[in-house]
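Residue-level structural notes
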Amino acid sequence: MDRKAFIAMLNKDMADEHASIIRYLIHAYQVGESTPFGQMLLSTAREEMWHMDWLGDELGEMGEEPGMEQGIYPYDGTSNASLLRSYIEWEDNLIKMYDAQAAQVDEPELKRVLHQLGWESITHRRRFASWLDKLGSEGEKPLAPVEGDLSPDLVTRFHSEVDAQYKLVLQHLRHAFVLEGQSCPVGSELELTAMRHMKNLSHFAEELIDSGEDVPFSYPGVDQSSAVPDALAADLRLTTEAQERFIALSQDPEVAEHPDLKIEIDNLVTRNGLLTMVVKELLESVRSESGGESSSEAVSEPEKAAPEAGVKPTSGGFTVGSLKGH
Ligand SMILES: [Fe+2]
Ligand SMILES: [Fe+2]
């Protein structure tokens with residue numbers, strides 16, 4: 001397989017894992033995160049996040065631009081059972097696909113990752129089949145439309161918050177994948193921060209889904225900086241803007257009428273405040289390491305464009321073979 005086809009293959013895998021995350025998350029929000037069924041979906045979504053993360057790290061270490069858009073996950077949303085049948089079919093396809101891909105790859109670390117993706121897809125398939133069985137005829141009941149009690153204004157604002165937090169998650173991840181070679185601590189910190197934004201996102205998405213809204217998770221576009229300071233500055237900007245909106249929401253009279261929602265929004269203010277500090281301190285430390293120069297002077301690549309396919313990152317150092325270890 002030539003390099004271009006190989007990179008396209010890994011990017012397609014990543015898009016599929018991304019689509020799996022979103023599908024299982026939405027379903028978990030629909031059935032309730034605290035129900036046993038919802039918990040199973042949530043923990044499966046979490047495993048899909050690791051899968052996406054492994055592939056993104058791989059691509060980043062190879063100096064390639066990881067695709068941050070989700071693939072298309074076909075499903076039948078009539079009932080929990082029809083959804084589970086769609087999931088079984090999807091995971092079945094992935095099992096075969098990862099098996100075939102692993103057979104085509106010689107590099108041992110990547111081979112191992114592809115095998116692991118396939119094995120965990122087997123686990124997912126088994127889990128879904130077991131739940132299909134467990135739900136029995138109850139699972140076949142059509143999923144009823146829900147009526148929400150949020151005002152149209154709050155619904156619109158929550159949709160914007162889902163979009164904004166989704167953008168923050170994807171942007172932090174993209175930066176972590178691409179820039180980890182330049183600064184490992186920054187990469188690791190950004191991955192953690194992405195997870196916190198995922199948690200922020202889930203509050204809004206769950207509220208919307210509870211109100212009978214569709215949450216499309218459209219690709220928001222992410223910052224394409226190729227240098228750490230520029231990337232962190234872009235992340236800080238989004239995080240700071242979110243903080244202003246969270247504070248406004250926490251003071252909103254309609255939010256005050258929903259006590260449980262108010263608790264969560266107040267918590268978002270403190271959590272996002274912390275995330276703002278983390279990114280700010282990272283940016284300051286990176287700037288002071290580079291002698292306080294402005295970011296564009298501190299980096300060797302002035303272009304903000306994504307690295308060209310096949311071009312190694314500035315630090316070199318990482319290869320496919322050096323997978324994991326940090
Ligand atoms: Fe997966
Ligand atoms: Fe899966």
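Below: a short report on this structure. (Residues numbered from 1 in each chain as written. Chains lettered and ligands numbered in written order. Predicted model: local features only at pLDDT ≥ 70, side-chain atom pairs only at ≥ 80, totals over all residues. Heavy atoms only, no water.)

1. Here's the deal with the nonpolar core
By size, the foremost hydrophobic cluster in this structure holds 70 residues, and its most contacted members are Phe 158, Leu 201 and Phe 217. Among residues more than four places away in sequence, those in contact with Phe 158 are Leu 150, Phe 204, Glu 207, Leu 208, Leu 249, Leu 261 and Ile 265. (Core = buried A, V, L, I, M, F, W, Y, C linked by side-chain atoms within 4.5 Å. Buried < 20%, exposed > 50% of the residue type's maximum accessible area, 1.4 Å probe, protein only. Contact = heavy atoms within 4.5 Å.)

2. Looking at the side chain of Glu 191
Relative to the elements of secondary structure, Glu 191 occurs in helix H6 (residues 184-210). Look at Glu 191 and you get buried, because its relative accessible area is 14%. Those residues in contact with Glu 191, other than ones at most four positions away along the chain, are Asp 53, Asp 57, Leu 173, Ala 176, Phe 177 and Glu 180. (Helix = DSSP H or I, 4+ residues; strand = E, 2+ residues; numbered from the N terminus.)

3. Let's talk about the coordination of the iron ion (ligand 2)
Looking at the iron ion (ligand 2), one finds its protein donor set to be Glu 48 (OE), Glu 91 (OE), Glu 91 (OE) and His 124 (ND1), positioned 2.0 to 2.5 Å from the metal centre. Coordination at the iron ion (ligand 2) is irregular: its 4 donor atoms span angles of 55 to 148 degrees at the metal. Within one chain, the residues donating to the iron ion (ligand 2) are spaced in sequence as E-x42-E-x32-H. Here the iron ion (ligand 1) and the iron ion (ligand 2) are spaced 3.6 Å from one another, each receiving a donor from Glu 48. In this pair, Glu 48 is assigned in helix H2 (residues 36-61) and Glu 91 in helix H3 (residues 80-104), connecting sequence segments 43 residues apart. The class of Glu 48 is buried, set by a relative accessible area of 1%. (Donors = N, O, S within 2.8 Å, 3.2 Å for Na, K, Ca; no water. Tetrahedral: all angles 85-135°; square planar, octahedral: opposite > 155°, others 65-115°.)

4. Considerations on the packing of helix H7 (residues 228-250) against helix H9 (residues 259-289)
At a closest axis distance of 9 Å, the pairing of H7 and H9 adopts a crossing angle of 160 degrees. When the axes of H7 and H9 are compared, the pair comes out roughly antiparallel. The hand of the H7/H9 crossing is left-handed. The class makeup of the residues in the contact of H7 with H9 is 17 nonpolar, 7 polar and 5 charged. (Axes fitted to C-alpha atoms, helices over the stretch in contact; angles between N-to-C directions. Parallel < 35°, antiparallel > 145°, perpendicular 65-115°, else oblique. Left-handed = near helix turned anticlockwise from the far one by under 90°. Nonpolar A, V, L, I, M, F, W, Y, C, P; charged D, E, K, R; others polar.)

5. Focus: the side chain of Asn 11
Along the chain, the position of Asn 11 falls in helix H1 (residues 3-31). When its relative accessible area of 18% is taken as the criterion, Asn 11 is described as buried. Not counting the four nearest positions on each side in its chain, Asn 11 is found in contact with Leu 59, Glu 65, Pro 66 and Gly 67.

6. Considerations on the pattern of salt bridges
All chains considered together, the criterion is met by 13 salt bridges. With its nearest N and O atoms 2.8 Å apart, the salt bridge here joins Glu 64 to Arg 3. Separated by 61 residues along the polypeptide, Glu 64 in the loop between H2 and H3 and Arg 3 in helix H1 bring together distant segments of the chain. The partner of Glu 284 in a salt bridge is Lys 280, with the nearest N and O atoms 3.9 Å apart. Highlighted residues: Glu 284 and Lys 280, both in helix H9, separated by 4 residues, approximately one helical turn. Through salt bridges with shared partners, a single ionic network connects Asp 153, Arg 157 and Asp 252. (Salt bridge = Lys/Arg side-chain N within 4 Å of Asp/Glu carboxyl O.)

7. Overview of the coordination of the iron ion (ligand 1)
Glu 17 (OE), Glu 17 (OE), Glu 48 (OE) and His 51 (ND1) make up the full set of protein donors to the iron ion (ligand 1), lying at 2.0 to 2.7 Å. Around the iron ion (ligand 1) sit 4 donor atoms, and with donor-metal-donor angles ranging over 52 to 134 degrees the site reads as irregular. Counting residues between consecutive donors of the iron ion (ligand 1) along the chain gives the motif E-x30-E-x2-H. Owing to a relative accessible area of 0%, Glu 17 belongs among the buried residues under this scheme.

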